[in-house]
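Structural characterization, general
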Amino acid sequence: MNVLGTGPVLFGYVAMTFVRWIGGVFLLGAAIIFLADAVELVRRTVDRDTFDAGTAVLASLLKTPALGEEFLPFAVLFGAIAAFLALNRRLELAVMRGAGISAWQFVAPALAVALAVGVLATTLYNPLSANAREASDALAARVLGKDALSLTGGGETVWFRQEGAEGSSIMHASAASSDGLTLYRVEAHLFDEAHRFAGRLQAETAVLGDGAWTLVDVVRYDAGGAREYLSSARLPTLLSRAEVREAVARPDAIAFWNLPDAVALAERAGLPGHRFAMQYHLLLARPLLLAAMVLIAASVSLRLVRLGGVARAATGGVVAGFVLYVASAVASDLGEAGAVPPILAAWMPGVAATLFGTTALLFSEDG
């Protein structure tokens, strides 16, 4: 029997049903995310001299596509459940079954849609959202000042090593501009050409120029601990602007196509490339994860709907999505820390969810 059911017309009709529902759920979620982020940004900046409502709203709007990427798997899951419910409510699935079409044949269009969405989200949507996120960060910096961004995006600081004409140094900063070329609350540990400790610099800001950082409001300590105050100082570096940008950038702020280079550049800057490799494989595994969401949706909705269990179908989908989210988050943390190979940490949740969904669907449909 044709895997498309009775033909490409039926395949296309079922596929478009899933496209509408998944797209609708995603747009609804994105709207809620935008409103929540805009309200939070306005709340944080309304009492600042730099406050501008239009800038804050635009920053949140440009940030929404990146935040929407995190919601995408849930949009596919809930959209697929809603699409199965709609097809059942209109008795269309009953007619298909009566015509001899199996569950696997009308799940196939949904899987095709999920795989297509995953590929497009990774190759096209992700680079666009990364660029929009960078523009959003620049706008947010106008209204938040130095507090606009932490280097990791999660309130943690970052260390990186660099070589210079006068020796190496280890840089530490508490915050940065969106491109990482301006650092705030900086501390630099200096070493001479023989790798002996040569002193320490503390500065309010550091801006990367041609071959050197320009530090402002500097306190310099020599190897013996003597202190000297300087209005500015230069710290030579062999790192290029691109290397610094990649070394301090958040992995989710780097476009998919640039992530392999980011891994190499991070390692050259003295940073492990685990977090960039993890992000790269997460994006590669996205189509499989979205297909797994469709299988889970089918397994929790098809049979229950025929028995009148709409509430149970929705609850089962929410529970399954939450469990998969927690498992993915734990695996991601392990992969970023290097405790688990990134390729394994990124692909295992999708593989496990696919096996679970397939097994559950086989049990419910084929006994």
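For the structure itself, consult the block above.
Cut-offs and rules
- Residues numbered from 1 in each chain as written.
- Predicted model: local features only at pLDDT ≥ 70, side-chain atom pairs only at ≥ 80, totals over all residues.
- Heavy atoms only, no water.
- Helix = DSSP H or I, 4+ residues; strand = E, 2+ residues; numbered from the N terminus.
- Buried < 20%, exposed > 50% of the residue type's maximum accessible area, 1.4 Å probe, protein only.
- Contact = heavy atoms within 4.5 Å.
- Areas by Shrake-Rupley, 256 points an atom, 1.4 Å probe, with all protein chains shown as cover.
- Core = buried A, V, L, I, M, F, W, Y, C linked by side-chain atoms within 4.5 Å.
- Axes fitted to C-alpha atoms, helices over the stretch in contact; angles between N-to-C directions.
- Left-handed = near helix turned anticlockwise from the far one by under 90°.
- Nonpolar A, V, L, I, M, F, W, Y, C, P; charged D, E, K, R; others polar.
- Pairing = 2+ DSSP bridges.

The subject of this paragraph is the overall build of the protein chain. Counting secondary structure elements, the protein chain contains ten helices and six strands. Burial statistics for the protein chain: of 367 residues in total, 48% are counted as buried. Taking as baseline every contact in the protein chain between residues at least 6 positions apart, the subset at least 24 positions apart corresponds to 64%. Here the protein chain displays about 17300 Å² of accessible surface, and carbon together with sulfur accounts for 64% of that area.

This paragraph deals with the nonpolar core. Membership of the largest hydrophobic core comes to 44 residues, with the highest contact counts inside it found for F18, V76, F84, F106, V107 and L302. Contributing elements (two or more residues each) for this core: α1 (8–45), α2 (53–89), α3 (92–98), α4 (103–144), α8 (286–306), α9 (310–337) and α10 (342–366). It is α2 that contributes the most residues to this core, twelve residues altogether. Residues F160, L215, L235 and V244 belong to the second largest nonpolar core, which totals 21 residues.

Next up on the list: the side chain of T17. Looking at where T17 falls in the secondary structure, it is placed in helix α1. Assessed through its relative accessible area of 1%, T17 is described here as buried. If sequence neighbours within four positions are ignored, T17 has contacts with A83, L87 and R90.

Let us look at the environment of A173. One can find A173 in strand β2 (residues 167–176). Overall, the relative accessible area of 1% leaves A173 in the buried class. Spatially, the C-alpha atom of A173 lies 9.2 Å from that of A206, the residues being 33 residues apart in sequence.

Further remarks concern the packing of α1 against α2. The interhelical angle for the contact between α1 and α2, taken along N-to-C directions, is 145°, at an axis separation of 5 Å. The handedness of the crossing between α1 and α2 comes out as right-handed. Looking at the contact of α1 with α2 residue by residue, the class counts come to 29 nonpolar, six polar and two charged.

The sheet built from six strands is open, its strands ordered β1-β2-β3-β4-β5-β6 with antiparallel pairing. Each edge of the sheet is formed by a strand with only one pairing partner; in this case those strands are β1 (158–164) and β6 (227–236). Each strand of the sheet is rotated relative to its neighbour by a mean of 30°, with strand direction disregarded. Judged from the nine bridges that link them, strand β4 (residues 197–208) and strand β5 (residues 212–222) form a sheet pairing that is antiparallel. Across the sheet, residue L201 finds its bridge partner in β5, namely R220.

Here we come to unusual backbone geometry. Unlike most non-glycine residues, R185 shows phi in positive territory, near 55°. Locating R185 in the fold gives a position in strand β3 (residues 182–191). R185 sits in the partly exposed class, given a relative accessible area of 34%. We note that D217 has phi near 55°; this positive angle belongs to a residue other than glycine.

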